[in-house]
Structures are given as C-alpha cells and as structure tokens.
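Overview (structure and organization)
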Amino acid sequence: DNMATSVLHWITDGDHRLMRRLNRWTPPKWMRLWMVAATRGGDGWLWYTTGLLIALAGGPMRFHAILAAFTAVAVGIALFITLKKACGRKRPCALEPHCWATLLPPDQFSFPSGHTITAFAMASSVSVFYPMLLAALLFCAVSIALSRILLGMHFLTDVLAGAVIGSGLRSEEHTSELQSR
C-alpha cells in the first residue's frame, strides 16, 4: 500500500510538473489553431462526419464498420463517465490558470480523457474495416489527445489511459467476422 501511494505521488508530481510547463508556454499560432480544431473535432463532429462518409462510400462492410465504431464509442463513453466519477481527479485548468487557452471543460473531472477514449475507440474500430485509413485516423486521435494536454484540459496520464482504454474497445466480434470473410 505504501509502494502504491509512492508510485501514485510520483506520477502525480510528474503530471503537475508537465502541466505547469505547458500552461506557461505559448506555442506558435499554427499549433494553437491545430489544437483547438483537434479538440473541437473530438467533440463529436469529426466522428459523425466519418460515420456519414462510411455510410455513403464504405462499401459492403459499411454498416458493420459503423456498428463496431458506435459500440466501441458508446462503451468508451460509459467507461469514462463511470471512471471520472469514481476517480474524482480535478482538471489541470481547475488547479492552475492556462496562459492562452480559454476553453471551458465539458465536466469537472480529468481522469481519464473522454475525448481520447472516443478518438482511439473510433480509430481502432474503423481501421479494422478500412486499414488504409489507419494513418489518418491515428493522426486525428493523437491530435485530439495532444490537444487535451496542451489546452489544459487533461494531464498526460489521463490521455495515456484514455488511449489505452479506447484502443482496447474495438469489437472482437466484428473483427473476427471481418476476418472470416
């Protein structure tokens, strides 16, 4: 128990050191615009647009892909709502002001990052059906994850946990069904 507490303090101290550095750094304008656009995309419209494009041009597996992505994202949302309430970790922006980001957080809790969970859940499920989209989907997911840290919404560990959880949510049922075809 003492060891676990020590490790948790070490992780928290590292998160807070990084937060203080990033909260005082003003990145170039192009990066600020990219980070705000990535976070806004992670609010859902990027995934709705992806689903619509798959429905219109996704070929014979389009409905399986949409169902797999919807299921992964829905489970991800249920998980992050439950985990955030259970952990109760305050967001970086609640602990220290950010020098340039003025976005308001969607809720009061930080761990894990819901934007990151849904981004990686979407990327990992859709890429099973459309492997040629993997690089673009990962670029979007990583951009969203990075934006949550740089905008002062999440700590690094919130985002890392979100990426691991989201990546693990692709539906094995749909994956094995696809592989049998």
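Look up: the structure comes first, before these words.
Residues numbered from 1 in each chain as written. Predicted model: local features only at pLDDT ≥ 70, side-chain atom pairs only at ≥ 80, totals over all residues. Heavy atoms only, no water.

1. Points about the nonpolar core
Counting residues in each nonpolar core, the largest one holds 38 residues, and the members touching the most others are Trp47, Met122, Val126, Phe129, Tyr130, Ile144 and Leu151. Breaking this core down by element, the ones donating at least two residues are helix H2 (29-57), helix H3 (62-87), helix H5 (114-129), helix H6 (134-150) and helix H7 (156-167). The leading source of residues in this core is H5, at 9 residues. When residues no more than four places from it in sequence are discounted, the contact partners of Ile144 are Ala38, Gly41, Gly42, Leu46, Trp47, His115 and Ala119. (Core = buried A, V, L, I, M, F, W, Y, C linked by side-chain atoms within 4.5 Å. Buried < 20%, exposed > 50% of the residue type's maximum accessible area, 1.4 Å probe, protein only. Helix = DSSP H or I, 4+ residues; strand = E, 2+ residues; numbered from the N terminus. Contact = heavy atoms within 4.5 Å.)

2. Focus: the environment of Cys93
Among the structural elements, Cys93 can be located in helix H4 (residues 92-95). Owing to a relative accessible area of 29%, Cys93 belongs among the partly exposed residues under this scheme. In this structure, the C-alpha to C-alpha distance between Cys93 and Arg148, residues 55 residues apart in sequence, is 11 Å. Those residues in contact with Cys93, other than ones at most four positions away along the chain, are Pro105, Gly152 and Met153.

3. Some remarks on the pattern of salt bridges
All chains considered together, the criterion is met by 6 salt bridges. For Glu96, the salt bridge is made with Arg24, and the minimal N-O distance between the two is 3.7 Å. In this pair, Glu96 sits in the loop between H4 and H5 while Arg24 sits in helix H1 (residues 2-24), placing the two residues 72 residues apart along the sequence. Since its relative accessible area comes to 12%, Glu96 is described here as buried. Asp43 serves as the salt-bridge partner of Arg40, at 3.1 Å between the closest nitrogen and oxygen. Pair noted here: Arg40 and Asp43 are both in helix H2, with a separation of 3 residues, about one helical turn. Given the relative accessible area of 39%, Arg40 is considered partly exposed. Judged by relative accessible area, Asp43 falls into the partly exposed class, the value being 41%. (Salt bridge = Lys/Arg side-chain N within 4 Å of Asp/Glu carboxyl O.)

4. Some points on empty space enclosed by the protein
Taken as a whole and assessed by the stated rule, the structure comprises 1 cavity of 30 Å³ or more. One number sums up the size of the largest cavity: a volume of about 50 Å³. Lining the largest cavity are Asp15, Leu18, Met19, Leu22, Asn23, Pro92, Ile149, Gly152, His154, Phe155 and Leu156. Sort the elements by how many residues they give to the lining of the largest cavity and H1 lands first, with 5 residues. Residues belonging to the lining of the largest cavity are distributed by class as follows: 7 nonpolar, 3 polar and 1 charged. (1 Å grid on protein atoms, 1.4 Å probe; cavity = no way out; pocket = protein on both sides within 12 Å on 5 of 7 lines; lining within 4 Å. Points joined across faces, edges and corners; volume = space filled by probe spheres on them. Nonpolar A, V, L, I, M, F, W, Y, C, P; charged D, E, K, R; others polar.)

5. Here we look at unusual backbone geometry
Phe111 connects to Pro112 through a cis peptide bond whose omega is -10 degrees. Along the polypeptide, Pro112 turns up in the loop between H4 and H5.

6. Notes on the packing of H5 against H6
Packing of H5 against H6 brings their axes to within 9 Å, and their N-to-C directions diverge by 175 degrees. The angle between H5 and H6 falls in the class roughly antiparallel. Judged by residue contacts, His115, Thr116, Ala119, Phe120, Ala123, Val126 and Ser127 of H5 engage Leu134, Leu137, Leu138, Ala141, Val142, Ile144, Ala145 and Arg148 from H6. A breakdown of the residues in the contact of H5 with H6 according to their chemical character gives 11 nonpolar, 3 polar and 1 charged. (Axes fitted to C-alpha atoms, helices over the stretch in contact; angles between N-to-C directions. Parallel < 35°, antiparallel > 145°, perpendicular 65-115°, else oblique.)

7. A closer look at the side chain of Thr39
Relative to the elements of secondary structure, Thr39 occurs in helix H2. The class for Thr39 is buried, based on a relative accessible area of 1%. Apart from the residues lying within four places of it in its own chain, the contact partners of Thr39 are Leu103, His115, Ser147, Arg148 and Leu151.

8. Description of the layout of surface pockets
Put simply, the largest pocket is a space of about 490 Å³. Looking at the largest pocket, it is lined by 26 residues, and the ones nearest its centre are Gly44, Trp47, Tyr48, Val73 and Ile77. Class assignment of the residues belonging to the lining of the largest pocket gives a composition of 14 nonpolar, 7 polar and 5 charged. Considering the residues around the second largest pocket, the lining is formed by Leu46, Thr49, Thr50, Leu53, Ile54, Ala57, Gly58, Tyr130, Leu133, Ala136 and Leu137. Going through the elements one at a time, H2 and H6 are the ones with two or more residues in the lining of the second largest pocket.

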